[in-house]
Amino acid sequence: SLSYVFQASAFINPHGAMLTIIIFFYAFVRYIQTYKLRYLLLYAVVIAAIIQFEVAVGGPLLLLSLPVIVFKSIHKKKKKNLLALLIILLGLSNYILFDLRHDFLLVKKAIEYISIKNYTTPYTYSTWIQDRITFMLFKIDFLRNGGAYYNIILSLLFLSLFLFR
């Protein structure tokens, strides 16, 4: 109906990931219980869709669930079922093609992200506390409610309660 057209504009990719997580957990648990190929196929399609919707949700889900599926399938001698996991690669083919086309940009950035950086200064708790206090008192976030300064007052109140208990 036309009433849903206006609501669809607020529907973004992370919402799709949250909706399909239910199907993901169903397929994952049912495969571990029954070792039927149809549940593994459903798992592979859904995890690829979740990664397409939101990498920050689908990536960890894949990294946490895939070793369990591989270990349990090998343990139950269902190694042929593991070929169904190639569907995940089909679902992630746009990432793979993008990486090939752009000289492995995603892989390089991922390696750069997880590698140890020697050029940064250590981040201490005192620096963290100082950043939090600066953010609470002087950053633009306190202007969000029409310039009301009660956020500063509340921040100082909570800070004083925390420091002078």
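A quick note: this is a predicted structure, and the numbers were derived from the prediction, not measured.

Colleague: I would appreciate a short explanation of the packing of aromatic side chains in the present structure.
Modeller: Each aromatic ring pair is summarised here by two numbers: the centre-to-centre distance and the angle between the ring planes. Taken as a whole and assessed by the stated rule, the structure comprises six aromatic pairs. Both rings, one in Phe 24 and one in Tyr 43, keep their centres 5.6 Å apart while their planes meet at 35°; by these two values the pair is tilted. Highlighted residues: Phe 24 in helix 2 (residues 13–34) and Tyr 43 in helix 3 (residues 37–53), separated in sequence by 19 residues. There is no split in this pair, since Phe 24 and Tyr 43 are both buried. Aromatic pair Phe 28 and Tyr 43: ring centres 6.2 Å apart, planes at 40°, arrangement tilted. Of the two residues, Phe 28 is situated in helix 2 and Tyr 43 in helix 3; the sequence distance between them amounts to 15 residues. Across this residue pair, the class does not change: Phe 28 and Tyr 43 are buried. An aromatic cluster is present here, built from Phe 24, Phe 25, Phe 28 and Tyr 43 joined pairwise through their rings.

Colleague: Looking at this structure, I do not really get the environment of Gly 91. What am I missing?
Modeller: Within the secondary structure layout, Gly 91 lies in helix 5 (residues 86–91). Residue classification places Gly 91 among the partly exposed residues on the basis of a relative accessible area of 28%. The sequence separation of Gly 91 and Gln 52 amounts to 39 residues, and the corresponding C-alpha distance is 7.9 Å. Contacts of Gly 91, omitting those with residues within four sequence positions, involve Ala 48 and Gln 52.

Colleague: Help me understand the packing of helix 2 against helix 4 (residues 55–75), please; the structure alone is not making it clear to me.
Modeller: Axes are the key here: two packed helices are described by the angle between their axes and the distance separating the axes. At their nearest, the axes of helix 2 and helix 4 sit 11 Å apart, and the two run at 10° to each other. Of the possible angle classes, the one that applies to helix 2 and helix 4 is roughly parallel. Facing Met 18, Ile 21, Phe 24, Phe 25, Phe 28, Tyr 31 and Ile 32 of helix 2, the residues of helix 4 in contact are Val 57, Leu 61, Ser 65, Val 68, Ile 69, Lys 72 and Ser 73. Considering only residue class, the contact of helix 2 with helix 4 consists of 11 nonpolar, two polar and one charged.

Colleague: Whenever I open this one, a nonpolar patch on the surface confuses me. Can you help?
Modeller: There is a patch of nonpolar side chains on the surface, built from Leu 83, Leu 86, Leu 89, Ile 96, Leu 97, Leu 100, Phe 104, Val 107 and Ile 111 and spanning about 890 Å² of accessible area. Of all the secondary structure elements, the ones that give two or more residues to the nonpolar patch are helix 5, helix 6 (93–101) and helix 7 (105–114). Here the nonpolar patch gets three residues from one element, more than from any other, and that element is helix 6. Assignment of secondary structure puts Phe 104 in the loop between helix 6 and helix 7.

Colleague: Explain the nonpolar core here, please?
Modeller: A general trend in soluble globular proteins is that nonpolar side chains are found buried together. Within the largest apolar cluster, 24 residues are counted, with the highest numbers of intra-cluster contacts made by Tyr 43, Ile 47, Ile 50, Ile 69 and Ile 88. Only helix 2, helix 3 and helix 4 provide two or more residues apiece to this core. For this core, the element with the highest residue contribution is helix 3, accounting for eight residues. The contacts of Ile 50, once residues within four sequence positions are left out, are Ala 17, Thr 20, Ile 21, Phe 24, Val 57, Gly 58 and Leu 61.

Colleague: Explain the packing of helix 2 against helix 3 here, please?
Modeller: For the pair helix 2 and helix 3, interaxial distance at closest approach is 8 Å and the crossing angle is 155°. Looking at the two axes, helix 2 sits roughly antiparallel to helix 3. Taken as a pair, helix 2 and helix 3 cross one another with a handedness that is left-handed. Residue composition of the contact of helix 2 with helix 3, by class: 17 nonpolar, four polar and one charged.

Rules behind the numbers
- Per chain, residues are indexed from 1 in the order of the written sequence.
- For this predicted model, a pLDDT threshold of at least 70 governs which residues receive local features, and a threshold of 80 or more governs which side-chain atom pairs are given and counted, while totals over whole chains, interfaces and linings are taken from all residues.
- Excluded from the side-chain calculation are hydrogens and water; included are all heavy atoms of the structure.
- Only rings of Phe, Tyr and Trp enter the pairing, Trp through its six-membered ring, and a pair is recorded when the two centres are within 6.5 Å. The plane angle decides the type: under 30 degrees is stacked, over 60 is edge-to-face, the rest tilted.
- A helix here means a DSSP run of H or I that spans at least four residues, while a strand means a run of E at least two residues long, and both kinds are numbered starting from the N terminus.
- Three labels apply to residues, based on accessible area from a 1.4 Å probe with only protein chains included: buried if under 20% of the type maximum, exposed if over 50%, partly exposed otherwise in between.
- For this analysis, residues touch if any pair of their heavy atoms sits within 4.5 Å.
- The axes used here are C-alpha line fits, helices contributing only the stretch in contact, and every angle between their N-to-C directions lies in the interval 0 to 180 degrees.
- Note that the term roughly parallel is reserved for angles under 35 degrees, roughly antiparallel for angles over 145, roughly perpendicular for angles of 65 to 115, and oblique for everything else.
- By the convention adopted, Pro, Cys, Tyr, Trp, Phe, Met, Ile, Leu, Val and Ala count as nonpolar, Lys, Arg, Asp and Glu as charged, and the other residues, Gly among them, as polar.
- Put simply, a patch holds well-exposed residues, over 30% relative accessible area, that have no salt bridge, with like charges counted together within 9 Å and Val, Leu, Ile, Met, Phe, Trp or Tyr side chains within 5 Å.
- Per-residue and other accessible areas follow the Shrake-Rupley method at a 1.4 Å probe size, with only the shown protein chains counted as cover for residues.
- Take a side-chain nitrogen of Lys or Arg and a carboxyl oxygen of Asp or Glu: if they are within 4 Å of each other, that pair is a salt bridge.
- Buried Ala, Val, Leu, Ile, Met, Phe, Trp, Tyr and Cys residues form a nonpolar core when they are joined through side-chain atoms within 4.5 Å.
- Left-handed is the label given to a crossing in which the near helix is rotated counterclockwise from the far helix by less than a right angle, and right-handed is the label when the rotation is clockwise.

Geometric values such as these leave the question of function open.
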